[in-house]
Amino acid sequence: MNTIQRTIVLGCGLAILTGCGPDDISSPGTTGGVDVVINNPAPPPPPPPPTSATITPAGACPTLTNDGTVGLTDRGTISGPTGSYRVCELPSRIARSVTLPRISGLLYAMNGRVDVGCDGGFSAPSAAAPYTSTTVGCTAPLTADTNVTLTVEPGVIFYARTGQSWLAVNRGNKINAVGTATAPIIFTSQDNVAGLNTDNSIGQWGGVVLLGRGRVTDCVTGSVAAGNCERDTEGAVNKASYGGNNDADSSGTMSYVQIRYSGFVLSADKELQALTTSAIGSGTTLDHIQSHNSSDDGSELFGGVVRMKHYVATGADDDSLDVDTGARVSLQHALLIQRPGEGDALMEIDSNGNELDQPRSNLKVVNFTAIQPLASNQNNTTGDRASALFRGNADVTLYNGLIISPNNECIRMTSNTDAANRATLTARSVALQCSGTGNAKFIGDGSGSAPFTAAQVRGFITGDASNNEAFVNSLTMTFVNGANENAVNPTDPSGLSTGTVIPAGFFTASPTPYKIGAAFPGNTAWYAGWTCNSAFAPLGGASACTSLPTT
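A few points on the structure. (Residues numbered from 1 in each chain as written. Predicted model: local features only at pLDDT ≥ 70, side-chain atom pairs only at ≥ 80, totals over all residues. Heavy atoms only, no water.)

1. A few points about the sheet that holds strand E7 (residues 93-94)
- Strand order in this open sheet of eleven strands is E7-E10-E13-E16-E22-E24-E26-E28-E30-E32-E34, and the pairing throughout is parallel. With partners counted over all chains shown, the strands left at the sheet margins are E7 and strand E34 (442-445), one partner each.
- Pairing geometry for strand E32 (residues 411-414) and E34, over four bridges, is parallel. Among the inter-strand pairings, threonine 414 is bridged to a residue of E34, identified as aspartate 445.
- Most of the contacts of helix H3 (residues 454-462) go to E34, to which it runs at about 125 degrees, and overall it touches E32 and E34. (Pairing = 2+ DSSP bridges. Helix = DSSP H or I, 4+ residues; strand = E, 2+ residues; numbered from the N terminus. Contact = heavy atoms within 4.5 Å. Axes fitted to C-alpha atoms, helices over the stretch in contact; angles between N-to-C directions.)

2. Here we look at the side chain of arginine 161
- In this structure, arginine 161 sits in the loop between strand E12 (157-160) and strand E13 (166-169).
- You can call arginine 161 buried: its relative accessible area is 9%.
- Among the polar contacts listed, one links the side chain of arginine 161 to the side chain of glutamate 89, at a separation of 2.3 Å. (Buried < 20%, exposed > 50% of the residue type's maximum accessible area, 1.4 Å probe, protein only. Polar contact = N/O pair within 3.5 Å; in protein donor to acceptor, adjacent residues only side chain to side chain.)

3. Notes on the packing of aromatic side chains
- In the structure shown here, the tally under the stated rule is nine aromatic pairs.
- Ring geometry for tyrosine 242 against phenylalanine 302: centres 6.2 Å apart, planes inclined by 50 degrees, an arrangement best described as tilted. Of the two residues, tyrosine 242 sits in strand E18 (residues 241-242) while phenylalanine 302 sits in strand E24 (residues 299-302), which places them 60 residues apart along the sequence. Each member of the pair, tyrosine 242 together with phenylalanine 302, is buried.
- Three or more aromatic residues joined by ring pairs form one cluster here, namely Tyr108, Phe158 and Phe187.
- The ring of phenylalanine 506 is capped by lysine 309, whose NZ or CZ atom sits 5.0 Å from the centre of that ring. (Phe/Tyr/Trp six-rings, centres within 6.5 Å; stacked < 30°, edge-to-face > 60°. Lys NZ or Arg CZ within 6 Å of the ring centre and 35° of its normal.)

4. A short note on the nonpolar core
- One finds Phe158, Phe187, Met254, Met347, Phe390 and Ile411 to be the most contacted residues of the largest nonpolar core, which totals 75 residues.
- At five residues, the largest contribution of residues to this core is made by strand E33 (residues 424-434).
- Ignoring sequence-local partners within four residues, the contact set of methionine 254 consists of Ile175, Ala177, Phe187, Val208, Leu210, Ile259, Leu275, Thr285, Leu286, Asp287 and Ile289.
- Ranked by size, the runner-up nonpolar core spans 22 residues in total, among them Leu402, Val480, Ala518 and Trp530. (Core = buried A, V, L, I, M, F, W, Y, C linked by side-chain atoms within 4.5 Å.)

5. Details of the pattern of salt bridges
- As enumerated under the stated definition, the model contains 18 salt bridges in all.
- Here arginine 113 and aspartate 115 are joined by a salt bridge, their closest N and O atoms 2.9 Å apart.
- On the accessibility criterion, aspartate 115 (4% relative accessible area) is buried.
- Of the charged contacts in the structure, one is a salt bridge between arginine 213 and aspartate 145, with a shortest N-O distance of 2.8 Å. Of this pair, arginine 213 sits in the loop between strand E16 (208-211) and strand E17 (231-232) while aspartate 145 sits in the loop between strand E10 (113-116) and strand E11 (149-152), placing them 68 residues apart in sequence. An identical accessibility class is assigned to arginine 213 and aspartate 145; each is buried.
- Where salt bridges share partners, they join Arg75, Glu89 and Arg161 into one cluster. (Salt bridge = Lys/Arg side-chain N within 4 Å of Asp/Glu carboxyl O.)

6. Comments concerning the state of the cysteines
- One pass over the full model with this rule turns up five disulfides.
- Each disulfide pairs two cysteine sulfurs, and for cysteine 61 the partner residue is cysteine 88, the sulfurs being separated by 2.1 Å. Between cysteine 61 and cysteine 88 the disulfide shows an S-S torsion of about -100 degrees. By sign, it is left-handed. Note that cysteine 61 is positioned in the loop between strand E2 (34-35) and strand E3 (65-66) and cysteine 88 in strand E6 (residues 83-89), a separation of 27 residues in sequence. For the pair cysteine 61 and cysteine 88, one class covers both residues: buried.
- Counting only the cysteines that take part in disulfides, in the order they occur along the chain, gives the pairing 1-2, 3-4, 5-6, 7-8, 9-10. (Disulfide = S-S within 2.5 Å.)

In structure tokens form, the structure reads like this:
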């Protein structure tokens, strides 16, 4: 409660210092104590001042059953520029399936780590093979998965009361967070509620972590060869394990979701991202996800099988998209937009140092627009060093995309192994605008027996006539195709839709007329309405990312 009170006082103090709007101006000014009078004709009556605070607190928290007790704790109210809200705090562990309703004037709060169910282990436990869960509070040996589903109604807003807050959906449990184009679900920080954030605010809480039973590499326990490889969530004080042998596993559904200002440091050099998928399976549904101003990656996808459509990453301070540890990822329609002068690579794909592990990390991304307005001296120059980094045992396929990074090299590929096991790149109808000319647009390096050369990396682009390494963009509204983009002939991606990892029909050549990029004629509405806006990424959302929606 004291934290909330301090935030309210600070928010009001800042409002007083900066001015809360037209209502706070008492007179046009004085000179020597005498009112200044300007003898001009009276202007027409001004329009009424905008209403800055429209939300009033809900009367009480809804009653949710959780182990026979009231599941939510009423923490009073919190105020910000958009109004005042009832604060209903989630328990540290959601032990039964519940639905969180959207109620006007009500926010759901996280105060530290919130677990959905108990971790059920590498495979579902049984009476014959019980499992002692490592999730805090789960003391009795499990003879079956806890099968908890957290259902979230459209328009619900979560916020983190502390930086150490994050949501963990454990193995054997699910989230069902399905918003709509007009009522997205929002995960954000306390400072965002209080109106203290700017377009450069980052790292104010943990993020959302989905833990599944898909296959992973880079084992923390077990081994790939033995078929019992598992990993732990980076930086977690208490175990949050993931991995298994079920690539069809389901961690639930997330749709029309914003995750703002995430990436708090959980331990030394270990930060969460907005969305972390950890060995989730193909049964998980992800679409219309926005990551905004994560202090680490926009999303990091560890192992498993990830199928996602309509992904927006704005303002990530590390990589906009990071894929590793054997993740097999299919992604169509992606906007990756970094803050000017901030962030590392737009894409980083690897399992560096584990080139012989199976499955190999695999990314197929179709219809993307990736923009790095100005390379970061602090992060990119000493980090990934190029707009995209592919290394380790990564196999990357890029179709119908744009990499616009005029102040940085296009692609870097690193090989610390032999030619048979190093990373691969296939590109079709990809246009790149980067610094340098010829081979200097690319970086090849490595310490293995077959390091890449810049010429080899360039050859992956120039080797197919559909690509253009010397593109000049004509983008409008920051990221919407102009004449030059629409003139590039697209490649039909439907041929990628084969096998069990990518189902038939996942990648489509639509809508018509089909073009490259993420925002082309007939395909500019998918990101509008449910997203939030910033100065560097005006997405046409219902509100600024620095504010909460009021409807």
